[in-house]
Amino acid sequence: MTSDATRVRLRADGLQVGYGEELVVGAGSSDGGEPGLDLDVVENTVTAVIGPNGCGKSTLLRAMARLLAPRHGHVLLDGERIDRIPSKQVATVLGVLPQDPVAPEGLVVADLVARGRHPHQRWFRQWSPDDEAVVAEALEWTGTSAFADRPLETLSGGQRQRVWISMALAQGTDVLLLDEPTTFLDLAHQVDVLDLVDRLHRERGRTVVMVLHDLNLAARYADRLVAMREGRIVVSGTPAEVLTESTMREVFGLEAKVVPDAVTGTPLVLPIGRRERRAGDRDVTDS
Amino acid sequence: MSGVVTTARRGVRVGPFAAVWRRRPAAVAVVALVALVVLAAVNLGRGDFPIPVSEVVRILLGGGDSADAYIVTELRLPRTLTGIFVGAALGLAGALTQAVVRNPLASPDILGVTDGASLFAVASVVLTGGAGVAGLAVSPIGTPLAALSGGLVAAALVYALAYRKGLDGFRLLLVGIGVSSASVSLTTYLLVSANVLQAGQVLTWLRGSLASRSWENVVPAGLVVVIGLPVAIVLAFRLAALELGDEAARGLGVRVDRARAGVVGVAVVLAAVATACAGPIRFVALVVPQIMLRLSGGSRPPLVGSALGGAVLVVAADLVARTVLGEAVPVGVVTVVVGAPYLLYLLVRRTRRRTV
């Protein structure tokens, strides 16, 4: 079982991705950094990619999900080049929830979740009792059964995100990539969605990679953090290894104090802004 | 299923085929079909020599008076059948483009097909007629062929100009409007430079007319609908994923560009052939899918429903044109009168929603 526990499901190998002329992920750095980004995603783990705005974390995720073709390097799914596997076959192993997905007006929840079954269907077989059972179960599991017949646009942001996660669940993939699943949600709903992701991992054994903005939530919900800056991985490892005061400075250019989270014991980042620094200086002179 | 089936969705299976059974769209389609049959029967009875509907039905079922039968099957049936097939092709083409572009304004009219077809048809008449061909300016075969190629060329041009590492719906609409406008101004230039006789004939064609259609017009329109509808239904399977946006569709394993090109391609052929058979009948492809969507519910226009709705609208417009406005008024005039206010309504509604 030990070999299974460390099986690499998804791997980025010397990856370089960009839009137009510009290389967003995997450019070489001026201080002698090698070009190309490497990343291993191990079976049955939750990985959170963190980093400042524009650091290429979403681009990396989209390239790993074969939504973007890399300029150089490869993405390997279970050891095979993802661009050489038929896209439909990939969709039975790897699911992706894009950032801020939009459903067409009038689409009801059950129909959206049923779209997750698309990779398992053919044009002449667009429905099966199996599909129906999976969809019903996915709705039940995320607590969205009550909305099954309602159009998506009548739901709140938090409910909507649960529905999209139901769709990803109905797709039935072992690997799930989530691009900022908590954007535009208030704190309670962010926790709600991440609890759902955690259950996907724990109860369903899913391997999850997600882009997250909130460092403290990332520390709580991920086994492994990947900190990026300017398209390169600066440091990766357990939350305790990654969320340090020096990494905060290096990755975010942020002065911070890192203390143990009073609830979970994971690292908690307390930013020190200019205001606090000034106040600190004054305290020193006063005493 | 004894499990937790939370939805009212039921499957329907015929042999190896299985789909979700949806009652409302099916009911709407049945109603549209009944309406179509009634309208067609009434339309077949109308003319200089009126024939009662009961007699029309008897003739269509193989009986009736032989003189009446000749009038109905040889003289009037081609007109009504052309209307049915052209309407169905336009309705279907509109449903496909609106679903794939995810915009209710998208239709072959706006994507340049109709105006491109018109330009080529007019050019074929004016440019060859100018060389001194005597007699009828609008040829029964040459003009439709020119229209067909014009529609395809215009659509290909729009697609090529709008394509930039993928297809953006909004850019497609803008480029389509541009190409359409250019075609319209060239058409106007050709008309102005044509002689009066040619111009008169061409103008009638340009308004979209079902008058004096023969079986030669029925066959291509019928073929394209009979082939196009099943092809559209097969391609439409991917529309379910495409509707969720490019990234989500790719995530579900759909090759987005290929799937979209296929759907648009079928729509363009349908619209171009329809225009070739009856001239540009505007707004059917724009209006019908949206009406059928509202009647049927769901997230995108129904394909079979839109085909039936298109046929109903064209036959009804033909009936109205001949009954109320007089025999000489082409069907395209009526569809414009119905469609133009609807287009305004759509534009106002969309603008409002965006600003609120």
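Calculation rules
Residues numbered from 1 in each chain as written. Chains lettered and ligands numbered in written order. Predicted model: local features only at pLDDT ≥ 70, side-chain atom pairs only at ≥ 80, totals over all residues. Helix = DSSP H or I, 4+ residues; strand = E, 2+ residues; numbered from the N terminus. Rg over C-alpha atoms; globule rule 2.2 N^0.38 Å. Buried ≥ 20, exposed ≤ 12 C-beta atoms within 10 Å, placed from the backbone. Contact = placed C-beta atoms within 7 Å. Pairing = 2+ DSSP bridges. Axes fitted to C-alpha atoms, helices over the stretch in contact; angles between N-to-C directions. UniProt positions renumbered as here; feature names shortened; annotations may be inferred. Core = buried A, V, L, I, M, F, W, Y, C linked by C-beta atoms within 7 Å. Expected span 1.5 Å × (residues − 1). Parallel < 35°, antiparallel > 145°, perpendicular 65-115°, else oblique. Left-handed = near helix turned anticlockwise from the far one by under 90°.

Topic: the overall build of chain B
Then comes step 1: On a plain count of helices and strands, chain B comes out with 13 helices and 2 strands.
Then comes step 2: Compactness check: chain B gives a C-alpha radius of gyration of 21 Å against a globular reference of 21 Å for 356 residues, within 12% of the reference.
Then comes step 3: Viewed in the frame of its principal axes, chain B has a C-alpha envelope of about 70 × 50 × 40 Å.
Then comes step 4: Out of the 356 residues in chain B, the part that is buried amounts to 51%.
Then comes step 5: Long-range contacts, defined as pairs at least 24 residues apart, comprise 78% of the intrachain contacts of chain B with a sequence gap of at least 6.

Some details on the overall build of chain A
Then comes step 1: If you tally the helices and strands in chain A, you get 11 helices and 13 strands.
Then comes step 2: Taking 287 residues into account, the globule formula puts the C-alpha radius of gyration at 19 Å, and chain A, at 20 Å, falls close to it.
Then comes step 3: Along the three orthogonal principal directions, the C-alpha set of chain A runs to about 75 × 45 × 40 Å.
Then comes step 4: Relative to its 287 residues, chain A shows a buried fraction of 44%.
Then comes step 5: Excluding contacts between residues fewer than 6 apart, the proportion of contacts in chain A whose partners are at least 24 apart in sequence is 65%.

Notes on the sheet that holds strand β7 (residues 94–97) of chain A
All names here are of chain A.
Then comes step 1: Reading across the sheet, the 6 strands line up as β7-β8-β9-β4-β10-β11 and stay open at both edges, with mixed pairing between neighbours. The open sheet has two free edges, formed respectively by β7 and β11 (232–237), since each of these has just one partner strand. With direction set aside, neighbouring strand axes in the sheet form an average angle of 15°.
Then comes step 2: Helix α2 (residues 57–64) contacts β4 (46–50), β8 (175–179), β9 (207–211) and β10 (224–229) of the sheet and is inclined by roughly 145° relative to β9.
Then comes step 3: Taken strand by strand, helix α6 (residues 157–171) contacts β7 and β8, and its axis lies near 170° from that of β7.

As for the pairing of strand β5 (residues 72–77) of chain A
All names here are of chain A.
Then comes step 1: Of the pairings in the sheet, the one linking strand β1 (residues 8–19) to β5 comprises 5 bridges and is antiparallel in character. Directly across from Arg11, in β5, lies its bridge partner Leu76.
Then comes step 2: Bridge analysis of β5 against strand β6 (residues 80–81) gives 2 bridges, and the strand direction is antiparallel. Each residue of the ladder has a partner; that of Leu77, found in β6, is Glu80.
Then comes step 3: Joining the antiparallel neighbours β5 and β6 is a turn of 2 residues, in which Asp78 adopts a positive phi near 50°.

Digging into the UniProt feature "domain: ABC transporter" (unreviewed entry) in chain A
Then comes step 1: As recorded in UniProt, the feature "domain: ABC transporter" (unreviewed entry) lies at residues 10–255 of chain A.
Then comes step 2: From the first C-alpha to the last, residues 10–255 of chain A spans 33 Å; its make-up is 34% helix and 24% strand.

Re the interface of chain B and chain A
Then comes step 1: On the chain A side, the residues contacting the 33 residues of chain B number 36 residues.
Then comes step 2: Mapped by element, the contributors of at least two residues to the side of chain B that touches chain A are β2 (17–21), α8 (215–242) and α9 (246–251) of chain B.

Brief notes about the UniProt feature "transmembrane region" (unreviewed entry) in chain B
Residue and element names in this part refer to chain B.
Then comes step 1: Those places that UniProt annotates as "transmembrane region" (unreviewed entry) correspond, in this numbering, to residues 26–44, 81–101, 116–138, 145–163, 169–197, 218–241, 261–281 and 328–348.
Then comes step 2: End C-alpha atoms of residues 81–101 are separated by 30 Å, and the span's content is 100% helix alongside 0% strand.
Then comes step 3: Secondary structure over residues 261–281 splits into 86% helix and 0% strand, and the C-alpha atoms at its two ends are 24 Å apart.

A look at the nonpolar core
Then comes step 1: Counting residues in hydrophobic clusters, the biggest one holds 190 residues, and the most contacted among them are Val113 of chain A together with Ala89, Leu270, Ala271 and Val273 of chain B.
Then comes step 2: Ranked by residues supplied to this core, first place goes to helix α3 (residues 66–101) of chain B with 17 residues.
Then comes step 3: Other than its neighbours up to four places away in sequence, Val113 of chain A contacts Val135, Ala138, Leu139, Val163, Ser166, Met167 and Ala170 of chain A.

Examining helix α6 (residues 169–193) of chain B
Then comes step 1: Taking 1.5 Å per residue, 25 residues should reach 36 Å; α6 of chain B reaches 36 Å between its end C-alpha atoms and fits that length.
Then comes step 2: Residues of α6 of chain B that are buried include every one of Leu172, Val175, Gly176, Val179, Ser180, Ser183 and Thr187 of chain B, and no others.

A look at the packing of helix α5 (residues 142–162) of chain B against α6 of chain B
All names here are of chain B.
Then comes step 1: Packing of α5 against α6 brings their axes to within 9 Å, and their N-to-C directions diverge by 135°. Here α5 is positioned oblique relative to α6, judged by the angle of their axes. Crossing handedness for the pair α5 and α6: right-handed. Contacts between α5 and α6 involve Ala154, Leu157, Val158, Leu161 and Ala162 from the first element and Arg171, Leu172, Val175, Gly176, Val179 and Ser183 from the second.

A word on α6 of chain A
All names here are of chain A.
Then comes step 1: Across its 15 residues, α6 extends 21 Å between first and last C-alpha, which sits within 8% of the 21 Å expected from 1.5 Å per residue.
Then comes step 2: The buried count for α6 comes to 12 of 15 residues, which makes it a mostly enclosed element.
Then comes step 3: Considered for burial, the residues of α6 that qualify are Arg160, Gln161, Arg162, Val163, Trp164, Ile165, Ser166, Met167, Ala168, Leu169, Ala170 and Gln171.
Then comes step 4: Residues of α6 that are buried sit in contact with β7, α4 (109–115), α5 (129–141), β8 and α7 (187–204).
Then comes step 5: Gly172, located one to two residues past α6, shows a positive phi value of around 70°.

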